[in-house]
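Report on the structure
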Amino acid sequence: MNVTEAVQTRRSVRAFTDQPVDRETLTRILEKAQRSPSGGNTQPWHGIILTGEPMQALFNRVAQDLPKGRAAFAPEYNVYPPELDGAYEQRRRGVGEDMYGALAISREEKGKRLMWFANNFRAFGAPVLMLVHTPKYMGPPQWSDIGMWLQTVGLLAREEGLDTCFQEAWAVYAPQIREMVDIPEDHTFFCGVAIGYRDEEAAVNNFAVKRAGIEESVRWEGWG
């Protein structure tokens, strides 16, 4: 698989098979991903890779607080800016509506939507969940470095026949995660990454995810 194929076939997978992922494959991916760029070679990313009983224990802990709704949320950063609007907010809402459309869950079926949302906190059935954190003093440049590392992990996973879902949703349960997993107190918990083998037949993995044209994000100067 070349880079273009990896980019074109990577998507946020939200239904995985139960096929296990071996540690050697993950090690190979992560060792290669260490070549990801970072400002000043700081390499500010940290990951904890869960499977088996520790992962299930985390799922069980979060499940205890799911019925509390937003009252149990305590993210350590704003997952989306409070002032998000315009095309950015339209894209965010649009992909959600397209996903629920693929699942045949209407806007009025709020209970079903909440039940589906809860799948986030079972890593959509993936056999591996990576939890990502970084020192609290790291700023936006270092967070962008973490993004480049995560993208590299995702593309290398495709090369190995694996898929991922980068789950900032996990951030809302940062305190519960800290109860179950040793994340340093002076670090910010960022996100989860579900890793596994895609369920090729699942509707949620097959709807078209729209992308804006480059004319919405790129301006050319000096090109005649």
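Preceding block: the structure.
Everything numeric here is computed off the predicted structure, so don't read it as measured data.

**With respect to the sheet that holds strand β3 (residues 163–167)**
Taken in spatial order, the four strands of this open sheet run β1-β2-β4-β3, and their pairing is antiparallel. Of all the strands in the sheet, just β1 (46–50) and β3 have a single pairing partner and so form its edges. Across the sheet, the mean angle from the axis of one strand to that of its neighbour is 25°, orientation sign disregarded. Contacting β1 and β2 (128–135), helix α3 (residues 52–65) crosses the sheet at an angle of about 75° to β2. Running at roughly 160° to β2, helix α6 (residues 140–159) makes contact with β2, β3 and β4 (187–196) of the sheet.

**Side note on the pairing of β3**
Within β3, four of the five residues are buried, leaving the element largely enclosed by the surrounding structure. Bridging between β3 and β4 involves five bridges; their strand directions are antiparallel. Bridging across to β4, Q167 finds its partner in G192.

**Quick look at the layout of surface pockets**
One way to see where empty space is left: roll a probe the size of a water molecule over the atoms. Of the voids in this model, the second largest pocket is the one considered here, and its volume is about 190 Å³. Every residue along the wall of the second largest pocket is listed here: V21, R23, L26, T27, L30, E31, I49, L50, T51 and V128. Of all the secondary structure elements, the ones that give two or more residues to the lining of the second largest pocket are α2 (23–33) and β1. Considered class by class, the residues forming the lining of the second largest pocket number six nonpolar, two polar and two charged.

**Describing empty space enclosed by the protein**
Per the counting criterion, the structure on display carries one cavity of 30 Å³ or more. Its boundaries defined by the atoms lining it, the largest cavity holds a volume of some 70 Å³. Lining the largest cavity we find L26, I29, L30, I49, V128, M130, V153, A157, T164 and I195. Elements with a contribution of two residues or more to the lining of the largest cavity: α2, β2 and α6. Among the elements that make up the lining of the largest cavity, the one with the highest residue count is α2 (three residues). Class assignment for the residues of the lining of the largest cavity results in nine nonpolar, one polar and no charged.

**So, a nonpolar patch on the surface**
Taken together, I214, V218, W220 and W223 make up a surface patch of nonpolar side chains, about 520 Å² in accessible area. Relative to the elements of secondary structure, W220 occurs in the segment after β4. For W220, a relative accessible area of 56% puts it in the exposed group.

**What to know about helix α4 (residues 86–102)**
For α4, which comprises 17 residues, the first-to-last C-alpha distance of 24 Å matches the rise-based estimate of 24 Å (1.5 Å per residue) to within 8%. Among the residues of α4, E89, G96, M99 and Y100 are the ones counted as buried. In an axial view of α4, the angular spread of the buried residues amounts to 100°, which keeps them on one side of the axis. Opposite the buried face of α4, by more than 90 degrees, sit the exposed residues Q90 and G101. For α4, the elements touching its buried residues are α5 (110–117).

**Concerning unusual backbone geometry**
The phi dihedral of N41 is positive, around 60°, even though this residue is not glycine. Mapped onto the elements, N41 comes out in the loop between α2 and β1. Taking the relative accessible area as the measure of exposure, N41 reaches 54% and is therefore exposed. Here the phi dihedral of Q43 falls at roughly 50°; this positive angle occurs in a residue that is not glycine. Looking at the secondary structure, you find Q43 in the loop between α2 and β1. By relative accessible area, which is 30% here, Q43 ends up partly exposed.

Rules behind the numbers
Here, residues in each chain are numbered from 1, in the same order as that chain's written sequence. Side-chain atom pairs in this predicted model are given and counted only at pLDDT of 80 or more, local residue features only at pLDDT of at least 70, and totals for whole chains, interfaces and linings cover all residues. Values reported for side chains reflect all heavy atoms of the structure, with hydrogen atoms and water molecules removed beforehand. Paired strands, in this sense, are two strands between which DSSP finds at least two bridges. Numbering of helices and strands runs from the N terminus; a helix is a DSSP stretch of H or I covering at least four residues, while a strand is a stretch of E covering at least two. Under this scheme, a helix contributes an axis fitted over its contacting stretch, all axes are lines through C-alpha atoms, and angles between N-to-C directions fall in the 0 to 180 degree range. Throughout, a contact is declared for two residues whenever any of their heavy atoms are within 4.5 Å. Burial classification: accessible surface area is computed with a 1.4 Å probe over protein chains only, and a residue below 20% of its type maximum counts as buried, one above 50% as exposed, and the rest as partly exposed. Any residue with an atom within 4 Å of a point lines the site, the site being either a cavity, points on a 1 Å grid over the protein atoms alone where a 1.4 Å probe fits but cannot get out, or a pocket, an open set with protein on both sides within 12 Å along at least 5 of 7 lines. Grid points are joined across faces, edges and corners, and a volume is the space filled by probe spheres set on the points. Under the scheme applied, nonpolar residues are Ala, Val, Leu, Ile, Met, Phe, Trp, Tyr, Cys and Pro; charged residues are Asp, Glu, Lys and Arg; polar residues are all the others, including Gly. A patch consists of residues whose relative accessible area exceeds 30% and which take part in no salt bridge; residues with like charges are grouped when within 9 Å of each other, and nonpolar side chains (Val, Leu, Ile, Met, Phe, Trp, Tyr) when within 5 Å. The Shrake-Rupley method, run with a 1.4 Å probe sphere, supplies the accessible areas, and residue values consider only the shown protein chains as cover. Any Lys or Arg side-chain nitrogen found within 4 Å of a carboxyl oxygen on Asp or Glu counts as a salt bridge. What a helix is expected to span follows from its residue count: subtract one and scale by 1.5 Å. Working definition: the arc comes from the directions between the helix axis and the C-beta atoms, pointing outward to the latter.

Read these as layout, nothing more, since geometry by itself doesn't imply function.
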